[in-house]
Structure formats: C-alpha cells, structure tokens
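# Coordinate analysis (summary)
Listed below are the residues making up each chain.
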Amino acid sequence: MSKIKKITGMRLFLPIFCMILVMAVNILYDVASGNFALNFFTISVRNGVLYGRLIDILNRGSEIAILAIGMTLVVSASAGTDISVGSVMSLAASFCCMLLAGYGVSSTNDLAVPLLVGVLGGVLLACVCGAFNGFLVAYLNVQPMVATLILYSAARAIGLLLCNNLIVYVREDSFKMIGGYLGFIPTPIVIAAVCILIVAVILKKTALGLYIQSVGINKKASRIAGLNSSRIIFLCYVVCGLVAGIAGIVASSRISSADSNNIGLNYELDAILSVALGGNSLGGGKFNLAGSIIGAYTIQAITTTLYALGVSSDVAPVYKAIIVIIIVTIQAPPFKAYMKKRSAKKALAKGGAAA
Amino acid sequence: MDNNVVLTMRGITMTFPGVKALDGVDFTLRKGEIHALMGENGAGKSTLIKCLTGINAFEAGEIHVDGIDGPVVNHSTLDAQKKGISTVYQEVNLCPNLSVAENLFIGREPKTKFGTIDWKSMVKKSEQIVKDLDMNIDVTQNLEEYSLALQQMIAIARAVDMDCKVLILDEPTSSLDDHEVEKLFKLMNQLKAKGVGIIFVTHFLEQVYAVCDRITVLRNGQLVGEYPIADLPRVKLVAAMMGKDFDDLAAIKSDESPVFTDDDILIDAQGMSHKGTIKPFDLQIHKGEVVGLTGLLGSGRSELARVIYGADKNQTGTLKVKGKEAKINAPIDAMNLGMGLLPDDRKAEGIIGDLSVRENIILALQAKRGIFKLLPMKEQIELADKYIEMLQIKTASRETLIKQLSGGNQQKVILARWLATDPDFLILDEPTRGIDVGTKTEIQKLVLKLAKEGKGLIFISSEIEEMLRTCTKMAVLRDGQKVGEITESLTQESVMKAIAGGGADE
C-alpha cells in the first residue's frame with residue numbers, strides 16, 4: 001500500500017501514467033485487430049533507417065518537445081503563455097530559406113549562402129522575436145497573452161514579406177538532412193535530445209531553475225532577495241524564441257520549403273498543452289521540464305495512435321480533444337481530492353469489516 | 001434613540017478567516033458632528049465602514065439609522081445610499097471623462113417624459129448644487145479639467161445631494177495639498193451646519209484636531225473608546241491607538257548610549273526621498289549601532305528603509321556606504337554593498353511560498369553569488385541545517401515548503417536568508433510581528449549580538465518597548481517625513497511625545 005502511495009505521489013507519476021495509457025490503447029488495438037501485441041514498440045530497420053511507431057512518435061514529436069522547453073520556462077517565470085511560438089517558427093523557417101535561396105528565388109537546388117548562415121539567421125531572428133515578447137512582458141508589464149498576440153498575428157506575414165510572397169523551396173541535401181536522417185536515426189530526434197540535454201544541464205549546473213521558479217512564485221519577494229525579476233522573465237522569453245526558431249527550421253527542412261501559412265500552425269497550443277499535461281501549473285512557479293517533455297510526446301502519441309487507428313485527419317482533433325479532457329481531468333486537483341477521499345472511505349470500510 | 005443621534009452601531013463583530021477583524025465594536029454618530037475614526041492600519045476602521053456600507057457582511061451586532069425603524073442591514077453601497085449613508089473614498093470614484101453634471105447625476109439622471117435624459121434640468125440642478133457649496137465651476141466641463149481637490153468635493157457634493165444623513169470620508173485628504181485641505185474642511189463645516197453627520201477617517205493627526213468634534217479609537221478590531229476632542233490630547237490619542245496607557249507606563253531607561261566616531265559611519269543618507277512615500281531625509285548609521293525607526297503605521301518608517309535599500313529607488317539625495325558614494329538601482333546593488341532587508345509584509349515580499357525552507361534560506365546568498373555559481377547542494381544543506389538549528393526553526397524537514405510553516409517560523413527562515421549573506425547592515429522591518437514572546441526575546445538578543453559584532457542595524461517595530469530595549473538611537477517619522485531623532489533619554493514617554501508631535505505638552 002505504502003509503495004503504491006510512494007509511486008503515485010511522485011511528481012512525474014501522472015504524465016507517465018497518461019503516456020502509458022496511450023500506449024495501452026495501442027496494444028489493445030493491435031490485439032483486437034489480430035496484429036502482434038507489441039507492434040507499437042517494435043523498432044525495425046528499413047531502407048537503412050529506423051522504422052516503427054515509437055520512432056515515428058519521437059520523430060514527429062520533436063518540434064513540440066523543443067517548443068515545450070521554452071514554453072515551460074515562460075509559463076513558470078511569467079505565469080503566462082507565449083502564443084507566438086507557432087508563428088515565430090514559420091518566420092524563422094521563412095528567413096532561413098530566404099537566406100539559403102536568395103531573395104525572390106522560389107526554388108533552388110544550390111545554397112546561396114553556407115547552410116550554417118541560413119540556420120543561424122533563422123534562429124537569431126526567432127531570438128529577436130523572443131526578445132521583443134520578453135521586453136513587452138518583463139519591462140512594460142504587458143500581459144503575456146496580449147504581448148505575444150502581436151507576433152502571433154504578425155510573424156507569419158513578416159515571413160511572407162521576406163519570401164516575396166512565395167513558398168520558397170530549398171531542395172538541397174544538407175538542408176534536407178535537418179529534418180531527415182542522421183545515419184539511421186531521424187535527425188529531429190537528435191536535435192530535440194540535444195536541446196533537452198543542454199537545457200537540463202543548464203538547469204542542473206546553474207541557479208537558473210531556482211531563479212525562474214522564485215520569480216514565478218513571488219516576483220516582489222524575489223526582487224527584495226536580490227534577483228533581477230524582469231531580466232529573468234526576459235531571458236525566458238528569449239529562450240522560448242530560440243527554441244521556436246530551432247523547431248521552425250526542423251519543420252521547414254522536413255518539407256524542404258518555407259510554407260509560411262502552414263509551418264508551426266497551431267503548434268503554440270500543443271506546446272502549452274504539453275506544459276499542462278506535464279503536470280505544471282499554468283499559474284507559474286514550480287516547473288518540471290521532464291513532465292513537459294513527456295507531455296509533448298504524449299500529444300504526438302495520441303495523434304499517431306489516432307492515425308494508426310484509421311481515424312481521418314479531419315476528425316482526429318475531436319478524439320484528441322476527448323483524450324485531452326480525460327487526461328487533464330485526471331490531473332485536476334478536485335479529481336485527485338475526490339479519489340483520495342474515495343480510497344480513504346474504502347480503507348475505512350475495509351477496516352470496519354475487518355474489525 | 002436620542003433625538004440627536006443619526007447612526008448607532010452596536011456590538012459589530014466580523015471575522016476574516018483566522019482573524020477577528022471587529023470584535024463587538026460600538027459607534028455612535030450625532031447630527032451635525034464631525035467624528036474622527038482613528039486607529040492604526042489594521043485596527044478595523046475600514047472594516048467597520050465596509051460593514052456599514054454593505055461591502056462586508058457582519059456576523060453580529062446591530063445598526064440603527066435615524067428615521068428607519070428596526071435594525072438596518074445593507075447589502076450594497078447602493079442599499080446604503082438609499083438609507084442616507086454616502087461614502088467618499090480616498091481615490092475619487094468618479095468618471096474623469098464625463099462632465100461634472102453627468103458625474104453628479106450618474107445613475108439617477110433626471111428623465112424627460114419620453115424616458116430620455118433631461119440634459120437641461122440636469123445642468124440646471126448641477127449648477128444649483130455647486131452654487132450651494134460655494135464652488136465656482138462650469139458643470140458642463142469634464143471632471144478631469146478640475147483639480148483633485150475639486151473632484152473630491154464634487155464627489156462629496158454628489159454624496160450630499162443624495163439626501164445623505166451620514167457622510168463617510170475615507171482618507172479624503174491623502175492626495176490633497178494644504179490649500180485644498182482647507183477648502184475641503186470648509187465644505188465639511190458647511191455640511192455640519194446643515195446637520196449632516198460626518199465620519200472622518202484619516203491618518204493625519206493635525207487634521208483631526210483642526211476639524212473634528214469627537215474621536216472614536218479602534219485597536220486590533222476592538223473599541224478603545226469614544227472621546228470628545230477636548231478630552232483627548234494628541235499624546236493620549238497616540239497612546240490609545242498604540243495600546244499603551246500613557247500614565248501607567250514605567251519609563252524604561254536604556255543603557256548608556258555608546259559613543260560613535262565619524263570613522264564608524266556605515267550608512268550616510270543625505271536628502272534621500274521617494275515621491276509619494278517619504279520626503280527627503282538625512283540619516284547616519286554607525287557600525288554597531290541599532291537605529292530604531294518609530295512612528296505610527298503608515299508614517300513612512302518602512303518607506304524610509306526601503307529607499308536606503310533600493311527597494312524603492314530614491315529620486316533625490318545621495319547615499320554613502322562606508323564613506324563611498326553608492327549608486328543603488330535595485331536591491332541586488334544594496335546587497336552587494338553588504339545590506340539586507342527583512343520586509344514587513346512577509347507574505348507579499350518575504351517568503352517564496354512554493355519553495356522549500358532550504359531554497360528560501362539560500363536564495364539571497366545565491367542571488368549575491370550570481371547565476372553561474374550555483375551553491376553546491378552540500379553547502380546548501382549545511383547552511384539550511386545550521387540556521388534551522390541556530391534559530392530553532394520548527395519545520396518537518398529542510399525540504400518542507402515554507403508556506404506550510406507557521407508565520408513565526410516563516411519569519412525566522414527569512415531572517416536566516418539574510419544572516420546567510422553575512423550583511424554589514426541589516427534592516428529589520430517588524431521582525432517580531434506575529435511571533436511568540438519567547439522568540440521575540442531571542443530575536444532582540446540576536447539584534448544586540450549582531451550590533452556587538454559591528455554590524456549596523458535599522459530596527460522597525462510597532463512595539464516601543466522592544467525598540468527601547470534594542471535601539472541606541474531613534475528616528476521619528478510622521479506623515480511620510482522624518483521629523484527628528486532621539487539619542488538621549490530614550491523613554492517611552494519621550495518617544496510617544498515625539499510621535500504625537502506638536503501640542504504634545506497639553
């Protein structure tokens with residue numbers, strides 16, 4: 001009994017539990033349809049690259065996972081969300097492709113500038129976007145939702161302007177590799193892993209995590225205790241912009257183009273959802289990066305599972321919504337309290353029977 | 001009911017979660033009387049008024065209003081207005097972008113027979129109202145065109161025009177200059193002559209004696225007493241507000257004050273100020289000196305300390321720390337100069353509720369070291385354990401969230417946070433509030449010990465005895481201004497006289 005309590009009391013229990021739940025659905029489906037029960041977990045090598053549903057989830061979920069890093073920090077420090085990340089992804093992709101192809105060129109097979117210049121350019125511009133958001137929130141005290149709404153609506157349009165209203169195609173192998181394969185592993189998985197690792201190490205080795213949480217919990221008290229609350233919030237938004245830039249370039253490389261209207265569309269919502277699914281309060285303060293990352297992959301797992309179940313992509317969001325409602329309800333404090341009460345009652349009844 | 005009485009409140013009781021905000025308070029207001037409601041912050045003045053105007057629901061007690069049979073319970077300000085009780089708050093609660101006439105008649109506009117607003121009669125009536133009050137203004141102009149004092153008076157005019165018997169003025173003068181205050185007092189006296197009963201809430205003692213007839217004093221949610229103005233000289237009023245029976249207090253002599261030389265000056269503030277909270281002040285603090293800041297709550301004693309620390313940036317003046325000019329833009333600059341501030345509002349500015357006791361203790365030290373020099377976990381644990389032991393913080397473990405601790409233990413954690421930074425100069429703002437007697441003595445001892453080690457301290461407390469026991473010098477504040485220093489013959493009597501200010505010898 002106490003062991004179960006220990007496990008359920010762990011901070012990551014619920015996000016992991018939700019993940020397992022989605023996996024269980026997969027297994028049930030495979031069993032019901034007469035496939036190998038562990039189809040979900042099977043990883044094979046086809047055409048010299050890794051193949052399997054799990055790999056697909058890790059691969060496709062990379063962008064959301066990368067975004068979730070920044071979103072977690074922003075939510076923690078400012079008790080608000082950055083809703084511009086999807087648009088900033090698109091802007092970074094547009095700028096990167098524009099640099100690589102040259103202004104006004106709609107399709108290229110050769111790079112106009114070295115790959116690194118294009119990628120850094122895109123990421124840097126995304127950082128500038130993050131800095132803009134951060135300035136509004138941290139120094140002008142604009143509400144995060146309102147501040148980021150500006151770039152939410154403007155960034156895509158700026159991207160289109162940069163691309164001269166074209167969808168710029170960059171059909172070049174080194175660029176394609178970012179969204180393709182590194183040896184036999186899908187590159188996005190590696191990129192996401194590196195991003196997560198770097199941030200995790202920074203949080204472990206510096207006082208950044210303590211600072212962010214402290215500011216998120218009590219901005220005034222943090223200032224009195226010597227923290228530069230505004231600068232920390234600003235920094236979180238810059239990081240959020242940075243990761244949005246990285247995610248944007250990955251997304252763009254997947255389709256070898258900068259499709260301003262579609263890259264990163266609605267990704268901000270998935271990123272926010274990842275944070276919530278990870279058991280983090282959207283009210284700021286304490287955060288758990290691992291939870292957000294698990295949340296991100298859970299969302300992708302739901303999507304992939306639905307496609308595997310043969311749900312058409314048009315109606316998939318409905319099922320996705322239902323699953324999210326269930327997961328969020330399980331994590332909601334009133335539900336937790338209700339379950340606790342119920343189990344206490346049961347224990348009491350049991351005890352009574354024994355006596 | 002006495003014919004002359006317009007309002008009686010009897011045994012009003014109200015609790016906020018965990019606190020008895022009002023405990024059986026009585027209040028009586030007579031016709032044509034200006035009645036001051038006095039008390040320190042948190043004494044229950046506002047709560048009492050809110051019970052009267054229907055913003056707060058009281059649990060026990062009765063309110064009677066002249067001309068209404070049976071007890072009155074108001075459920076909203078509108079309700080109260082209908083019964084003749086009008087309120088004018090500190091901030092003008094009118095619409096600056098509407099005309100004076102519109103503001104006067106908002107919500108009760110005269111209508112034509114078609115149901116539309118009768119602008120003509122509205123303007124005419126408005127002109128009559130302002131004329132009656134000897135104000136010379138154009139009622140069709142927007143309210144924002146006029147000074148704050150006039151706006152305040154228009155708010156009062158609006159209240160009066162709604163046939164009020166009881167007018168509540170809740171700190172109406174805090175944003176007015178002397179000339180404007182005078183105008184307001186004139187208006188108040190006019191209304192008094194008309195038989196309106198006025199409840200006047202203010203922090204300014206002079207104003208009470210300038211205009212009021214009677215004083216009711218509250219303290220900690222309880223009625224201290226009702227006094228005709230002539231029976232309660234300033235010193236006695238201060239004593240009543242602070243809960244000290246002036247005559248009974250045995251004067252406690254402090255130790256012979258040590259002699260400080262100019263070489264020992266740690267903090268030297270010249271003409272520092274912060275707009276709206278504290279007027280320019282000079283203050284010197286030596287090594288090993290404990291300076292007490294005294295004054296009523298809201299007199300600017302916390303604000304003075306905050307300006308030195310940089311929690312509120314000074315707009316004028318200079319600060320020298322150990323003889324060197326210091327530029328402080330934010331608390332971290334002050335910390336790097338060896339300062340620390342234990343703020344009086346523990347919940348809002350002290351604790352980081354969702355962090356553990358350990359994290360709360362090391363926070364300031366970590367902030368001082370900078371983001372890249374994370375304190376090794378081993379050191380964090382050692383520090384936390386050291387201070388939990390030293391200050392006897394009662395906590396389940398060092399990893400317990402600070403919000404789960406009692407107030408006194410939270411305070412000790414914040415104290416530990418500052419001690420961990422090893423400051424040269426520490427500001428303690430109400431360090432013993434909400435702490436049991438035993439711990440209070442410990443903290444006082446700690447203060448004396450720190451002073452002996454050569455640290456400079458500012459000690460702020462509402463309890464004068466506590467300051468007498470620890471301080472070698474006291475700075476007295478009144479109405480956001482430092483009005484003096486007491487270095488010799490520090491006694492309860494001398495301090496309270498200084499707090500009360502002019503007329504103390506009555």
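Owing to the predicted nature of the structure, the values given are computational and were not obtained by experimental measurement.

### Structural notes on the overall build of chain B
Of regular secondary structure, chain B possesses 17 helices and 19 strands. For chain B, the C-alpha atoms occupy an extent of roughly 80 × 50 × 45 Å along the three principal directions. When burial is assessed residue by residue, chain B has 48% of its 506 residues classed as buried. Sequence-distant contacts in chain B: of pairs separated by 6 or more residues, those separated by 24 or more amount to 68%.

### Re the interface of chain B and chain A
Each partner contributes to the interface: chain B provides 25 residues, whereas chain A provides 21 residues. At the level of secondary structure, the elements contributing two or more residues to the side of chain B that touches chain A comprise helix H10 (331-336), helix H11 (346-350) and helix H12 (357-369) of chain B. For the side of chain B that touches chain A, the element with the most residues is H12 of chain B, which contributes six residues. In terms of residue class, the side of chain B that touches chain A is built from 17 nonpolar, three polar and five charged.

### Points about unusual backbone geometry
The phi torsion at Ser256 of chain A lies on the positive side, around 50°, for a residue other than glycine. One non-glycine residue with positive phi stands out, namely Gln392 of chain B, at about 50°. Within the secondary structure layout, Gln392 of chain B lies in the loop between helix H13 (377-390) and helix H14 (407-419).

### What to know about the domain arrangement of chain B
All names here are of chain B. Segmentation of chain B into domains returns domain 1 (1-84 + 164-172 + 191-244), domain 2 (91-162), domain 3 (254-338 + 423-506) and domain 4 (348-422). Between domain 1 and domain 3, the C-alpha centre-to-centre distance is 34 Å. In this complex, domain 1 contributes eleven residues to the contact, which on the side of domain 3 involves twelve residues. At five residues, the largest contribution of residues to the side of domain 1 that touches domain 3 is made by helix H8 (residues 234-242). Class assignment of the residues belonging to the side of domain 1 that touches domain 3 gives a composition of seven nonpolar, two polar and two charged.

### Some words on the packing of helix H4 (residues 62-78) of chain A against helix H10 (residues 208-217) of chain A
Residues and elements named next belong to chain A. Relative to each other, H4 and H10 sit at 45°, their axes nearing to 6 Å. On the basis of the axis angle, H4 is oblique to H10. Counting all contacts with H4, which are made through Leu73, Ser76 and Ala77, the residues of H10 involved are Ile212, Gln213, Val215 and Gly216. Among the residues forming the contact of H4 with H10, the class breakdown is four nonpolar, three polar and no charged.

### Observations concerning the sheet that holds strand E16 (residues 425-429) of chain B
All names here are of chain B. The sheet built from six strands is open, its strands ordered E15-E16-E17-E12-E18-E19 with mixed pairing. Strand pairing shows two members of the sheet lacking a second neighbour, strand E15 (339-342) and strand E19 (481-486), which therefore form its edges. Strand after strand, the sheet turns through a mean of 20° between neighbouring axes, direction not considered. The pairing of strand E12 (residues 290-294) with strand E18 (residues 473-478) spans four bridges and is classified as parallel. Residue pairing in the sheet places Gly292 in a bridge with Met474 of E18.

### A few points about the sheet that holds strand E3 (residues 34-38) of chain B
All names here are of chain B. Read across the sheet, six strands follow the order E5-E6-E7-E3-E8-E9 without closing on themselves; strand pairing throughout is mixed. What marks the edges here is a single partner per strand, and that holds for strand E5 (85-88) and strand E9 (222-228). Sheet twist, expressed as the mean angle between neighbouring strand axes with direction ignored, is 20°. In terms of strand pairing, E3 meets strand E7 (residues 197-201) through four bridges, oriented parallel. Looking at E7, one finds that Ala36 is bridged to Phe200. Running at roughly 170° to E5, helix H5 (residues 148-161) makes contact with E5 and strand E6 (166-170) of the sheet. Each of E3, E6 and E7 touches helix H6 (residues 178-193); the most contacted strand, E7, lies at about 150° to it.

Each value, and the rule that gives it
- Residues numbered from 1 in each chain as written.
- Chains lettered and ligands numbered in written order.
- Predicted model: local features only at pLDDT ≥ 70, side-chain atom pairs only at ≥ 80, totals over all residues.
- Helix = DSSP H or I, 4+ residues; strand = E, 2+ residues; numbered from the N terminus.
- Buried ≥ 20, exposed ≤ 12 C-beta atoms within 10 Å, placed from the backbone.
- Contact = placed C-beta atoms within 7 Å.
- Nonpolar A, V, L, I, M, F, W, Y, C, P; charged D, E, K, R; others polar.
- Domains from an automatic or database assignment.
- Axes fitted to C-alpha atoms, helices over the stretch in contact; angles between N-to-C directions.
- Parallel < 35°, antiparallel > 145°, perpendicular 65-115°, else oblique.
- Pairing = 2+ DSSP bridges.

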